[in-house]
Amino acid sequence: MAARFRLIMNSGPTTGTAYPLEKGEITIGRDLGNDIVINDPEVSRHHSRLFLQGENYILEDRGSTNGTSVNGQRLLGPYTLRPGELITLGEHVSFIFENAQLDPDATIISSNLNQPVTAMPPVQPVAPPPPPPPAYAPPPVVPQYAPPPPPAPVQPQYTPSAQPQSYAGQVPMQPEPEPANKKIPVWLIILLIFIVVIVCGCGITMFFMPESWWCALFGWILNMMTPGVCPA
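This structure is a prediction, so every number in the text was calculated from the model and none was measured.

Novice: When you look at a nonpolar patch on the surface in this model, what are you seeing that I'm missing?
Specialist: A cluster of nonpolar side chains, namely Trp 187, Leu 191, Phe 194, Ile 195, Ile 198 and Val 199, defines an oily patch on the protein surface of about 620 Å² accessible area. The topology assignment puts Ile 198 in helix 1 (residues 186-208).

Novice: Please clarify how the side chain of Ser 94 should be interpreted in this entry.
Specialist: The topology assignment puts Ser 94 in strand 11 (residues 93-99). Using a relative accessible area of 5% as the deciding quantity, one classes Ser 94 as buried. Here Ser 11 takes part through its side chain, which lies 2.7 Å from a polar atom of the side chain of Ser 94. Other than its neighbours up to four places away in sequence, Ser 94 contacts Ile 8, Met 9, Asn 10, Ser 11, Leu 86, Ile 87 and Thr 88.

Novice: Where do I start with the nonpolar core in this structure?
Specialist: Grouped burial of nonpolar side chains is what soluble globular proteins tend to show. The biggest cluster of nonpolar side chains holds 21 residues, and the ones touching the most others in it are Leu 7, Ile 38, Leu 50 and Phe 95. Listing elements by their share of this core, those giving two or more residues are strand 1 (5-11), strand 2 (17-21), strand 3 (25-29), strand 6 (56-61), strand 10 (86-89) and strand 11. In contact with Phe 95, other than residues within four places in its own chain, are Leu 7, Ile 8, Met 9, Asn 10, Tyr 19, Ile 36, Ile 38, Glu 85, Leu 86, Ile 87 and Leu 89.

Novice: I'm lost on the sheet that holds strand 5 (residues 48-53) in this one. Help?
Specialist: Strand pairing within a sheet occurs via backbone hydrogen bonds; the two strands may be parallel or antiparallel. If you trace the five strands from one edge of the open sheet to the other, you get 4-3-5-6-9, paired in mixed fashion. If you trace the sheet from one side to the other, it starts and ends with strand 4 (36-37) and strand 9 (79-80), each paired once. By the bridge criterion, four bridges tie strand 3 to strand 5 in an arrangement that is antiparallel. In the sheet register, Thr 27 faces strand 5, and the bridge partner there is Arg 49.

Novice: Help me out: how do you make sense of the pattern of salt bridges in this one?
Specialist: Two side chains carrying opposite charge are able to pair once their charged atoms lie near each other. Overall, the coordinates contain seven salt bridges when judged by the stated rule. In this structure, Glu 98 engages Arg 6 in a salt bridge whose closest nitrogen and oxygen atoms are separated by 2.9 Å. Of this pair, Glu 98 sits in strand 11 while Arg 6 sits in strand 1, placing them 92 residues apart in sequence. Owing to a relative accessible area of 23%, Glu 98 belongs among the partly exposed residues under this scheme.

Novice: Would you mind showing me how to read the packing of aromatic side chains here?
Specialist: How two aromatic rings sit relative to each other is given by the distance of their centres and the angle of their planes. Applying the stated criterion to the full structure yields three aromatic pairs. Relative to Phe 97, the ring of Phe 5 lies with its centre 5.0 Å away and its plane at 20 degrees, an arrangement referred to as stacked. Of this pair, Phe 5 sits in strand 1 while Phe 97 sits in strand 11; the two residues are 92 residues apart in sequence, bridging distant segments of the chain. Taken as a pair, Phe 5 and Phe 97 share a single burial class, namely buried. Measuring from ring centre to ring centre gives 5.9 Å for Tyr 19 and Phe 95, while their planes differ by 75 degrees; the resulting arrangement is edge-to-face. Remark: Phe 95 occurs in strand 11 and Tyr 19 occurs in strand 2; sequence separation between them is 76 residues. Given the relative accessible area of 6%, Tyr 19 is considered buried. Each member of the aromatic cluster is reached from another via a ring pair, and the members are Phe 5, Tyr 57 and Phe 97.

Novice: Can you walk me through the pairing of strand 5 in this structure?
Specialist: Where strand 5 lies against strand 6, six bridges are found, and the strand directions are antiparallel. Bridge pairing links Ser 48 to Asp 61 in strand 6.

Rules used throughout
Residues numbered from 1 in each chain as written. Predicted model: local features only at pLDDT ≥ 70, side-chain atom pairs only at ≥ 80, totals over all residues. Heavy atoms only, no water. Patch = residues over 30% accessible without salt bridge, like charges linked within 9 Å, V, L, I, M, F, W, Y side chains within 5 Å. Areas by Shrake-Rupley, 256 points an atom, 1.4 Å probe, with all protein chains shown as cover. Salt bridge = Lys/Arg side-chain N within 4 Å of Asp/Glu carboxyl O. Helix = DSSP H or I, 4+ residues; strand = E, 2+ residues; numbered from the N terminus. Buried < 20%, exposed > 50% of the residue type's maximum accessible area, 1.4 Å probe, protein only. Polar contact = N/O pair within 3.5 Å; in protein donor to acceptor, adjacent residues only side chain to side chain. Contact = heavy atoms within 4.5 Å. Core = buried A, V, L, I, M, F, W, Y, C linked by side-chain atoms within 4.5 Å. Pairing = 2+ DSSP bridges. Phe/Tyr/Trp six-rings, centres within 6.5 Å; stacked < 30°, edge-to-face > 60°.

Take a look at the structure:
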């Protein structure tokens, strides 16, 4: 069966190696019994498989630990491959699915794991000479910087109702001292004490004086209030 498609290892243990797809079913994994053996810890022993369906190859994952992705999308079921798509096994191993055309830079490995046949390296093209240096151009004219004129001073607007502004360095007004409390004259204090003593003495005397004295002094007042209290 002539190979119509192939896998080119894009990243992995043998980058650049071409694997022609010459069978109706091709298995991929780390186990030596696979058609394409990849010695990488990210690849499971039985990682994925390709099988031919009509004119196209179908890719499916075989329950691998790190999964199989196409163009960055992890496979959840069988997927029909198209030339140019990127197949990724795990995180570090990837293949490009393409039509089977001879690539002189790739190492061709048949599906029965025979010795690889390395194509002759291509002739390296001669680098073109560097471009000539550009013609001399005069340095650009840098405009001279002119500082802007200082702004005109703003005259303060005076309004009669406005409070006067305080300026830096102005000494604040000292509060006016409160007038001292006026002292009571000594003679007035003595007079008040004298009056209190006389009133207290009179009250005590009137409280303890006999009834005859009350009648002698205030008999007429008491008889007016209560007739017959004091003898006439």
